[in-house]
Amino acid sequence: MALTFSVQAECGVTRARAGLMTLPHYDVKTPVFMPVGTQGTMKGLLPEQLEDLDCEIILGNTYHLGNRPGTDVLKKVGGLHKFMAWNRALLTDSGGFQMVSLLKLAEITEEGVKFKSPYDGSEIMLTPEKSIEIQNCIGADIIMQLDDVVQTTFQDNDRIKEATERTSRWLDRCLKAHSRPLEQSIFPIVQGLLNSELRRQSAEEHMRKNVNGFAIGGLSGGEAKDDFWPMVSLGTEVLDTRRPRYLMGVGVAVDLVVCVALGVDMFDCVYPTRTARFGCALVKKGQLNLKQKQYETDLTPIDKDCSCSTCKTYTRAYIHCIVSVETVACHLISVHNIAFQMHLMRTMRENIINGTFVQFVKNFMSEVFPNYNYPTWIINSLKSVGINLCENYCSF
Amino acid sequence: MRFFTKKLSSGSERVGSMTGFLKTPSAVVETPTAALLTQGGSVVHLTADVLSRVFSDSKLLWVPLSNSAHLENGLKAQGKGVAQFAGLQEHFTCVTFQNMNEVTPSGHFEVDKVPLWTKHGKKMISADRYMDLMEVFKPDIILAIADSRMSLEEGYKRIAKSVDRTTKMLNTCVERYKVSKELQNSCLVGVVVGCAQSRKLEESLQHFLRHKDILGGVALSGLTDGTEESNDVPIDKLEAIFEKVSNALPKDILHVVEGCWNPAVILTAISYGWDVFDGSYAVKLSNLGHALILNFDVTRDMKSSYLLDLNDECYKDQFVPILESCECLACEKHTRAYIRHLLNTREMLASVLLSIHNLYHFDQMFYHARQHILTNTFEVYKKHIIKQYESYRSLKLEMDIAETEPDHSLQVKKKSKLVEEVTNNNYKVNCNNI
C-alpha cells in the first residue's frame, strides 16, 4: 500500500483529528506542515538539520525539478530521495501552479498546458500524462494530479466551470498514466475556486475515484478570508474522513489553527522560508522584522520559549547585525521559522489527542489577539465547528 | 593566549600549540594551522550548529574588521566579545583590520589613519580607534593595525610610507595594549611590512624588535594587494622573504602569514617556520564553486589531483562524492551531481556543502603537515602537495589555451579531454590514505 491513514484521535467538538499517515519512506504524524524545498533543497539547510527539526515530509516542485536537474539525471540516480539525500517522505506538486504563477504565456487547452520554457524559449506541452511521468521519475511518496489552475480572484464563471470539469477529466488521465501506484499516491485536487456548487461537484467526483487522499486547491491566492474558509469547510465536509485532506498553499499560524479545526490534515507553504530570506522571524503574534533598528542591542533570542538551535545560541541583536548581508542569517531564521511551524503542529496534535483542542484554540487566539479583536472570519469559521470565541469576553 | 613550539624538526618547520585561552583554558589549537575566515562574526556560510557538525574541536576564527565593524553596538551591549556574540564561544578569535580575500580600492590614506572598506562604505580608522574596537571585540589574538595592503611590485615611495605609518600605529597599539584591562588576556601580534624593498623591510623588522617583549607574535603582510595578479608571485621570491623575516625574529613567538595563498605557498611558508594562515583560500574556492581534492598520501603519485570545478556540466550525473575517502559531512552524504545541481540553480546549500568540504579538507592539509613535521618527513609532503598544485596549474593553462581555440568543436573536444583527465581518476585517489 502506498499510503495508509489511520485517525488516532478526534477532537469531538471540531472536525480536527490526529492521524498517522504511513508512506513508503516515513510515517507522518498529522496534522502536518510540509516545508517547501522547491529545487531539491530546503533553502540552505542540510537534510540532517531538517530531521533535527522533526520535518517528516517536505515538498519538491515538479516543474523546477523536471527542468533542472531533469528527468534523465533523476532517473539515473533513482529518484529525488537519493539525489538530495533525504530519507523521509516527499510530496511533489504537478507543475500546473507554476505554469500560471510563473508564466504569462501559458495557453491551456484540453490537451494540457502549453508554454514557453523560461530556460531556452522552446515551446513545451505539459499534459497530465507528462506531469505524472515526471513525478513517477522524481519518486515522491505523494504526487499531485495536474489541475487546470485559474487565478483565485478570477470572476468568469464559465471559465471556472470549464477548469473544474477539466480538472476531473485530467484526474482520470493522470490515474491512467500512473506507473507506480504501489509506491506513490496521486492526490486529486478539489477545484471550483469560490463557487461552492462547483467545489461540491468537484469534491464529490473525486470521492468516487480510487485514491488515497485529497487536496483542496485553488485557494490562498489573494481571496478575502471570508470567502476562503467556507471553501475549506465545504471541502472537508464533502471529502470522507478516512483519507487525509491536504490544503495547498496555507502556512500562516492562525490559518493553520482554523483549518485544522475545520478538519484539514496537511499543509504546505513557502511562507516560513521565504519570509526568513527577508529577515522576518515567526513568533506567535506574527513576525519580527529583524532588520529593524530596535533589535540592534536586543540580547534576547527570537523566542525565549523556542528550543531550536537558533534560539538556543543567537540573540536578536546578533542576527540583526548580519541579516540580509550574510547567508548565515538566512539559515538561522529558516531554522527558527521551520521549528516554529513544526512546534505549532505538534502542539495542536497533542491537544487533539489529549482532548484539549478547543481550549487550545481559544488560548491561542486570545494570545494572538490580546484585546479580543478577533477578525470576523475567525469568529465565524470557528463557530461553524462549535468553538465560540466570543463567550470568553462576552461573559465578563 | 600562550604559544609553545613543541617540535622543531631538522628544517625550520615546527609544530606548536596555542593554549591558555581565557574561556576554555584546556583547549589547544595545534599549529601549523589555518584559521576559519568569518564574515560578520560567523564562519562564512555556516551556522554554529552546522560548524559543530564539521569540527568537534575548537578552532581559531579569523575576524576581519572590514566585514564585522558593524557588530560594534551589539557587542557593546552584550559585553562578552565577538566569539560569544556570534554564537561561537567555544572557538578562539583573531581580529584583523582587513580581509585579504577581498580587493579594495587603493589609496585614501591619511597621516595616521587607514581606510577600512566595509559594505557600509569607507571608514577612516586610527590606531586608537582600532584599539577601542579591540576592547569591544575582545579577541584572543589582535593583529595590530597596519598599512599593509600592497603588492610586491609596489613603488618605493608607497612602501616607505606604509612602513612609517605601520610603525607609528604599532607604537600606539602597544601603548594602548599595555594599559588595557580588557585586553590583558589577548595576545598582540605586530605586523611586518615593506617586503618588496629590503631596506624598508629591515626597518620594519627593527621596529618590530623594539617591542619584542610585548608582542606575542608577528604577522607577515605587505606581500599582496589581494588581487589575483599580485597573489600570483613566483614562489622563490616569497620563499626568500619567508626565510629572511623568520630568521630575523625570535623563534618562540607566533608566526602568522596574512593573505589568500594557495597550498604551494602555504607549505613553503610552513617550511620556514610560519604557523598560522588566514584560511581565506578555502573560502575563495567555495565561492567559486570549486572543491579542493588534494591527495595527502605521499606514497601515491597523483598528478592530476587538485581541485574540481563543480560548475562544469560534466558532473551532472556523477553520483559519487567530491572525494571518495573524505570524511566530511558533504562527502559522506552528497554527490558531485547534487552539488553541481545546487550551483546550477544558485541554491544556498551549494555554498554550505562546498564550505563544509573545503574547510574540512583544508584543515586536513594542515593536520597532515603537522604529522609529517613530527616524523621529520615534511619535505616529502611539501613536494607532494606542490607537485599537485603545479600540475593543476599547467593543466589549467592548457585549458585556457584550448578555450581560445577558434574552432568551437575542437575547443570543446580539447577541453573535455582535459576535464576528463582531472575528473576521472581522482575521486578514488585518497582511498588508501590515512
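All residue numbers refer to position in the chain's written sequence, counted from 1. Chains carry letters and ligands carry numbers; both start at the beginning, A for chains and 1 for ligands, and go up in the order they are written. Confidence filtering applies because this is a predicted model: local features only for residues at pLDDT of at least 70, side-chain atom pairs given and counted only at 80 or more, and all residues used for totals across whole chains, interfaces and linings. Side-chain numbers come from the whole structure's heavy atoms, not from hydrogens or water.

Looking at an unreviewed UniProt entry, one finds chain B named Queuine tRNA-ribosyltransferase accessory subunit 2, with Parnassius mnemosyne as its source organism. UniProt positions are given in the numbering used here, feature names are shortened, and annotations may be inferred rather than shown by experiment. Its UniProt record gives chain B a comment under Sequence similarities (unreviewed entry), which states: "Belongs to the queuine tRNA-ribosyltransferase family. QTRT2 subfamily." In UniProt, chain B has this text filed under Subunit (unreviewed entry): "Heterodimer of a catalytic subunit and an accessory subunit."

For chain A, the name recorded in an unreviewed UniProt entry is Queuine tRNA-ribosyltransferase catalytic subunit 1, with Parnassius mnemosyne as its organism. Recorded in UniProt for chain A, the comment headed Sequence similarities (unreviewed entry) runs: "Belongs to the queuine tRNA-ribosyltransferase family." Heading Subunit (unreviewed entry) of the UniProt record for chain A holds this comment: "Heterodimer of a catalytic subunit and an accessory subunit."

> An account of the UniProt feature "binding site: Zn(2+)" (unreviewed entry) in chain B is requested, with residue identities and associated values reported.
All names here are of chain B. On the UniProt side, "binding site: Zn(2+)" (unreviewed entry) is annotated at positions that read Cys326, Cys328, Cys331 and His357 here. A stretch of 32 residues holds the annotated residues, and the largest C-alpha distance among them is 8.4 Å, short enough that they meet in one place. Going along the chain from the N terminus, every DSSP run of H or I of four or more residues is numbered as a helix, and every run of E of two or more is numbered as a strand. Relative to the helices and strands, Cys331 resides in helix 11 (residues 329–333). Apart from the residues lying within four places of it in its own chain, the contact partners of Cys331 are Pro321, Ile322, Leu323, Cys326 and His357. Along the polypeptide, His357 turns up in helix 13 (residues 348–374). For the exposure calls, accessible area comes from a 1.4 Å probe over protein chains only, and a residue counts as buried if that area is under 20% of its type's maximum, exposed if over 50%, partly exposed in between. Look at His357 and you get buried, because its relative accessible area is 0%. In this analysis, two residues are considered to be in contact whenever any of their non-hydrogen atoms come within 4.5 Å of each other. Not counting chain neighbours up to four residues away, the residues in contact with His357 comprise Ala291, Leu292, Ile322, Leu323, Cys326, Cys328, Ala330 and Cys331.

> Describe the layout of surface pockets, listing the residues and the values that go with them.
All names here are of chain A. Taken as a whole, the largest pocket holds about 1,000 Å³ of empty space. Of the grid points, spaced at 1 Å and generated over the protein atoms alone, those admitting a 1.4 Å probe that cannot get out make up cavities, while open sets with protein on both sides within 12 Å along at least five of seven lines make up pockets; any residue with an atom within 4 Å of a point is treated as lining. Around the largest pocket, the lining comprises 46 residues; the ones closest to its centre are Phe97, Gln98, Ser101, Gly249 and Val270. Going through the elements one at a time, helix 4 (96–102), strand 15 (266–269) and helix 10 (271–277) are the ones with two or more residues in the lining of the largest pocket. Ranked by residues supplied to the lining of the largest pocket, first place goes to helix 4 with six residues. As a working rule, the residues Ala, Val, Leu, Ile, Met, Phe, Trp, Tyr, Cys and Pro are called nonpolar, Asp, Glu, Lys and Arg charged, and the rest polar, with Gly in that last group. Residue composition of the lining of the largest pocket, grouped by class: 17 nonpolar, 20 polar and nine charged. Grid points are joined across faces, edges and corners, and a volume is the space filled by probe spheres set on the points.

> Break down the packing of helix 12 (residues 336–344) of chain B against helix 13 of chain B for me, citing the residues and quoting the values.
Packed helix pairs are specified by the crossing angle of their axes together with the interaxial distance, meaning the distance between the axes. All names here are of chain B. Lines fitted to the C-alpha atoms define the axes, with helices restricted to the stretch that makes contact. Angles between their N-to-C directions range from 0 to 180 degrees. In contact at an axis separation of 7 Å, helix 12 and helix 13 are set at 135 degrees when each is read in the N-to-C sense. Taken together, helix 12 and helix 13 sit at an angle that is classed as oblique. In terms of crossing hand, the pair formed by helix 12 and helix 13 is left-handed. Two secondary-structure elements touch here, helix 12 through Tyr338, Ile339, Leu342 and Leu343 and helix 13 through Leu349, Ala350, Leu353 and Leu354. For the contact of helix 12 with helix 13, a count of residues per class yields eight nonpolar, no polar and no charged. By definition in this entry, angles of less than 35 degrees are roughly parallel, angles greater than 145 are roughly antiparallel, angles of 65 to 115 are roughly perpendicular, and the rest are oblique. Two helices that cross are described as forming a left-handed crossing if the nearer one is turned anticlockwise from the farther one by less than a right angle, and a right-handed crossing if clockwise.

> Help me get a handle on helix 4 (residues 127–137) of chain B, residues and values and all.
Among the residues making up helix 4 of chain B, those that are buried are B:Ala127, B:Tyr130, B:Met131, B:Leu133, B:Met134, B:Val136 and B:Phe137. In the segment just after helix 4 of chain B, B:Lys138 is the residue with positive phi, at about 45 degrees.

> Give me the lowdown on the interface of chain B and chain A, citing residues and values where you can.
Taken residue by residue, the interface counts 40 residues in chain B and 39 residues in chain A. Here the buried area means the combined drop in accessible surface, using a 1.4 Å probe, for two parts upon being joined, counting both sides. Summing the contributions of chain B and of chain A, the shared interface buries around 3,500 Å²; its carbon and sulfur component is 61%. Put simply, a salt bridge is a Lys or Arg side-chain nitrogen that is within 4 Å of an Asp or Glu carboxyl oxygen. Remark: the boundary between chain B and chain A carries four salt bridges. Residues A:Glu48 and B:Lys333 are paired through a salt bridge, measuring 3.8 Å at the closest nitrogen-oxygen approach. If you list the elements that add at least two residues to the side of chain B that touches chain A, you get strand 6 (42–43), helix 1 (48–54), helix 2 (72–78), helix 11, helix 12 and helix 13 of chain B. Taken together, the residues of the side of chain B that touches chain A break down into 18 nonpolar, 15 polar and seven charged.

> Give a detailed account of unusual backbone geometry, specifying residues and quantitative values.
That bond from A:Thr30 to A:Pro31 is cis: its omega, 0 degrees, falls within 30 degrees of zero. Note on placement: A:Pro31 falls in the loop between strand 3 (27–30) and strand 4 (32–35). You will see that A:Ala85, though not glycine, has its phi angle at about 55 degrees, which is positive. Checked against the element boundaries, A:Ala85 lands in the loop between helix 3 (80–84) and strand 6 (89–92). Within the chain, B:His45 stands out as a residue other than glycine whose phi angle is a positive 75 degrees. Mapped onto the elements, B:His45 comes out in the loop between strand 6 and helix 1. Of the residues examined, B:His45 reaches a relative accessible area of 12% and is grouped as buried.

> Give me the UniProt feature "active site" (unreviewed entry) in chain A: which residues, what numbers.
Residues and elements named next belong to chain A. Within this numbering scheme, the UniProt entry marks Asp93 and Asp268 as carrying the feature "active site" (unreviewed entry). A compact arrangement is adopted by the annotated residues: their sequence extent is 176 residues, whereas the largest C-alpha distance between any two is 10.5 Å. For the largest pocket, the lining residues among the annotations just cited are Asp93 and Asp268. Considering the arrangement of structural elements, one finds Asp93 in the loop between strand 6 and helix 4. Ignoring anything within four residues of it in the chain, the contact list for Asp93 reads Gly60, Asn61, Thr62, Tyr63, Gln98, Gln135 and Met144. The term polar contact refers here to a pair of N or O atoms within 3.5 Å; inside protein, the definition further demands a hydrogen-donor-capable atom paired with an acceptor-capable atom, and it admits residues adjacent in sequence only when both atoms are side-chain atoms. A polar contact of 2.7 Å, which involves the side chain of Asp93, links it to the side chain of Asn61. The topology assignment puts Asp268 in strand 15. Here Asp268 is in contact with Phe33, Met34, Val36, Leu59, Tyr246, Leu247, Met248, Gly249 and Val250, once residues within four sequence places are set aside. There is a polar contact of 2.8 Å between the side chain of Asp268 and the side chain of Tyr246.

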